[in-house]
Every structure is written in structure tokens, then in C-alpha cells.
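The primary structure of each chain is shown beneath.
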Amino acid sequence: MFDHLFKMMRSQHGRIGVMLAVANYTQAAISFGISFYLAKHLGASGYGLLSYGLVIGVMAYTVISFGAERTLVRDLVQRPSPARVLTASLVLRMSLAVIVIAGSIIVLKVLSVSRDKLFVVLLCTSAASILASSPVAWFDAHYRMHLHALVTLIERLVYAVAIVVVLKYAAGSPIISVAAILLASRAISFLVQMHMARNTFRFDFTDLRPNLFWLMKANTLVVAAAIAGLMASHWTQLILEDKVSIEHLGFYAIAFQLISVVTLLQNQVMRVFFPRISSLTDTSADPRIAICKLQSYLVIGIGISIAAVLPLVLASPKIIQTILGEEYSPALPPLYVLSIWAVLYGGARIINAFLLNLRLERNYFWSSLAAGATATVMGLLVIPKHGEIGVALSLLA
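Residues numbered from 1 in each chain as written. Predicted model: local features only at pLDDT ≥ 70, side-chain atom pairs only at ≥ 80, totals over all residues. Heavy atoms only, no water.

Asker: Looking at this model, I keep getting lost on the environment of Leu395. Mind explaining?
Answerer: Residue placement: Leu395 occurs in helix 15 (residues 388–396). A relative accessible area of 10% means that Leu395 is categorised as buried. Distance in space between the C-alpha atoms of Leu395 and Ala371 is 8.5 Å, their sequence separation being 24 residues. Once you skip the residues sitting within four places of it in the chain, Leu395 turns out to touch Ala232, Ser233, Tyr252, Phe256, Leu338 and Trp341. (Helix = DSSP H or I, 4+ residues; strand = E, 2+ residues; numbered from the N terminus. Buried < 20%, exposed > 50% of the residue type's maximum accessible area, 1.4 Å probe, protein only. Contact = heavy atoms within 4.5 Å.)

Asker: What is the right way to look at the packing of helix 13 (residues 332–357) against helix 15 in this model?
Answerer: Each pair of packed helices gets described by two things: the angle between the helix axes and the distance between those axes. Taken N-terminus to C-terminus, the directions of helix 13 and helix 15 make an angle of 10°; their axes are 8 Å apart at the nearest point. Judged by the angle between their axes, helix 13 and helix 15 are roughly parallel. Of the two possible hands of crossing, helix 13 and helix 15 adopt the one that is left-handed. Contacts between helix 13 and helix 15 involve Pro333, Pro334, Val337, Leu338, Ile340, Trp341 and Leu344 on the former and, on the latter, Glu388, Ile389, Ala392, Leu393, Leu395 and Leu396. Residue composition of the contact of helix 13 with helix 15, by class: 12 nonpolar, no polar and one charged. (Axes fitted to C-alpha atoms, helices over the stretch in contact; angles between N-to-C directions. Parallel < 35°, antiparallel > 145°, perpendicular 65-115°, else oblique. Left-handed = near helix turned anticlockwise from the far one by under 90°. Nonpolar A, V, L, I, M, F, W, Y, C, P; charged D, E, K, R; others polar.)

Asker: Teacher, can you tell me more about the nonpolar core here?
Answerer: Generally speaking, nonpolar side chains in soluble globular proteins are found buried as a group. Counting 71 residues, the largest nonpolar core has Leu38, Tyr159, Ile254, Ile259, Tyr328 and Leu338 as the members making the most contacts within it. The element contributing the most residues to this core is helix 2 (residues 12–65), with 14 residues. Discounting chain neighbours no more than four positions away, the residues touching Leu38 are Gly43, Tyr47, Leu50, Tyr159, Ile163, Leu167 and Val178. Core analysis: the next-biggest nonpolar cluster, separate from the first, contains 29 residues, Ile64, Phe66, Met194 and Leu215 among them. (Core = buried A, V, L, I, M, F, W, Y, C linked by side-chain atoms within 4.5 Å.)

Asker: In this structure, what is going on with the packing of aromatic side chains? I would like to understand it.
Answerer: Aromatic ring pairs are described here by two measures, namely the spacing of the ring centres and the angle between the planes. Counted by the stated rule, this structure contains five aromatic pairs. The interplanar angle of 35° and the centroid separation of 5.9 Å between the aromatic rings of Phe256 and Trp341 together place this pair among those described as tilted. You can see Phe256 sitting in helix 11 (residues 246–280) and its partner Trp341 sitting in helix 13, a full 85 residues away along the chain. On the basis of relative accessible area, Phe256 is assigned to the partly exposed category, the value being 23%. Look at Trp341 and Tyr345: their rings are 4.9 Å apart centre to centre, the planes differ by 25°, and that puts the pair in the stacked class. (Phe/Tyr/Trp six-rings, centres within 6.5 Å; stacked < 30°, edge-to-face > 60°.)

Take a look at the structure:
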């Protein structure tokens, strides 16, 4: 395993990976600081409401991105006209964003939710829509992901400073203000990313309609699988809010925020691996080399996950007790369950990447649907009794 790691470090991919990791872990440190600051100042109930909006936002992101976060790098690498593919993808995602935001307004009005919940959900959904429309795949396909990471790092810094100022001085509902700042920072970051991407990309609307239909057909099973995955990772959180309380959603959100230290590292590893996997799984590539690389990447992915999980599990009780206090101690049990899930997730991400790049979307869909359905059924059974621990157990199932 260590030989593979040393070889990766000496390669161009390894150097980019190091720069990417530094930028993203700095960003993660800022994000954790913001999350813990918000949790402490808003309390479990307020932080739970913000987490509720973010959960809905993730669901909106999944629909709007329409599988782009999983397949667009592949398509930009393998398709003959990448500018046309990206143009069609941006048009598709922005159109879906309008539909999703309009649909959210109608649903929230019908449900007659509280004013705070209405505004928090709409602001978080709008922020997620902007994130889903990002040209991040263009950066990744051209091995400029470290530049994208720098932009999002600056975005986090601006967001953090604004949060501290608003919570200290602003009047009115602080939760709505926090969601509004999230939306504003995402919008500015999106404009900067588009400006940077335009240095190597020009909109090409040639064959727009055929490319749109091709993307929708190619990604239908992928986005369906992603929605099925939400049944395990996010729908169960809504069950927790509905069947137990919004405070317990806040406890689970802190546990998930801590375990995202590991998932962030996994995401950075995948961003470095993904363009290479796209090339390895091209029709002209040698399948024996692809299988060999799959085994190597699995060893690296699982090894990195274990190395990240162990210190996190050991340090978390002290972190929660010192920073958040006794109020958030219920976040520890689900964190321990999520740590097991994170190690398994490290291998699953790599296998799924190979499946998608081999265009085995049907296999990916059925496996995701089975996992999502199992998690939802288990969640309905265990969450009412075991709360946030039940959410973590259902995700592990």
C-alpha cells in the first residue's frame, strides 16, 4: 500500500493531489469552525433548523446536477466536443434549477410551514442550485482542480467572516441571515469560477438539442441512483426531524459534520483519480490495466479512510465536550457508527467510479436503489426509538 502512495506522491497527479488536499483541508477547517460556531450560538434547535434547510438543499442539488458530479468529467474526457457537452450540461442544470426552486416554493406554501423554515429552505435550495450549476468538472478534466479549490477556499473565508459579523451585530432572525449569506457567497464564487473557466472554454451551442437529449438519456439512471442514495443519507434525516425532533437532527448534523473530515479526503482522492479512471476505462484502453488500477486504488482509498477515521474517533469526545459542551454529547454514538460507514464508503466510491466510467449505469442504479430502500425501511423501524443513532445505523445498512 505504501509503495502505491509514494509513487502517487511523486507523480503529477500526486502533486496536484497535495495542493488540492491543502486547499480543501484549510477550507474544511474553516467550515468546521463555522459549523461549531453556529451550533454553539444557535443551540441544538436552531442548528437543527439550519441543518434541515441544508438537507433539502442537498436533495435539490442532486436533482439539479443531474449526475454531472459523477459523469461530466468522463464525458468531457471521452466525448469529441467537450465545449458543446459542457454548454449543454450548463443549460440543462440551470433549467432544472429554475424548476426546482419554483417547485419548492409551491410545496412549502401548500405545507404551510413556518416563516423561518420557509425562508431557510428557499435560501438553502437556491444556494444548492448555484453549486449544482458550477463548472467544476471543466477544472477537473483539465487538471486544474487546485485552482477551483482555491476559489472555494476564498468563498469559505468570506462566508466565515460574514457569519461572525452577522451573529454579533445583525437584528432579526439569525438563521435566515446565515442562509442568506450562504446564498450570496455561493453566487459570487460561481461568477468567479465561470470567469476562470472562460479562459479555456467558450459556449458552443452547436447541436444543443441533440446534446441535451444525449445527456438526459445517458444520466437518467445515474440521477435516479443518486436520488435512491438520498433515501439512505438524507431522507432518513427528515424522518428524524418528523418522528423525533429538530434538536436531534442538530445532534446528527454535528456527527455527520465531524465524519465529513474523512469524506472530504475521499472526495479529494477521487478528484485526482477520476480523470485517470476515465482514460483507463475508455473503449481503447487495456482492461487488464484497468483491473490492476482498480485494485491499487481500492487499497489506497480504504487505507486513507482508516488512517483518517482512527484519530477522528479518538479526538471527537474531547472536541465536542470542549467546544460545544454537554448539550451535544448525544452526537457521539452516531459518530462511532458513521466511522464504520466512512471506511466502507471509501472503497464504494472507487468501485462506483469504475462502474460509471464503464457506462454500467444500470448496475449502479440497482445497487443504489437496493441500498436506499433498505436504509429507508430500517430508518422507519429504528429512528422513532433510537433517534440519531437509528439514522446512522440505517446509513450503514
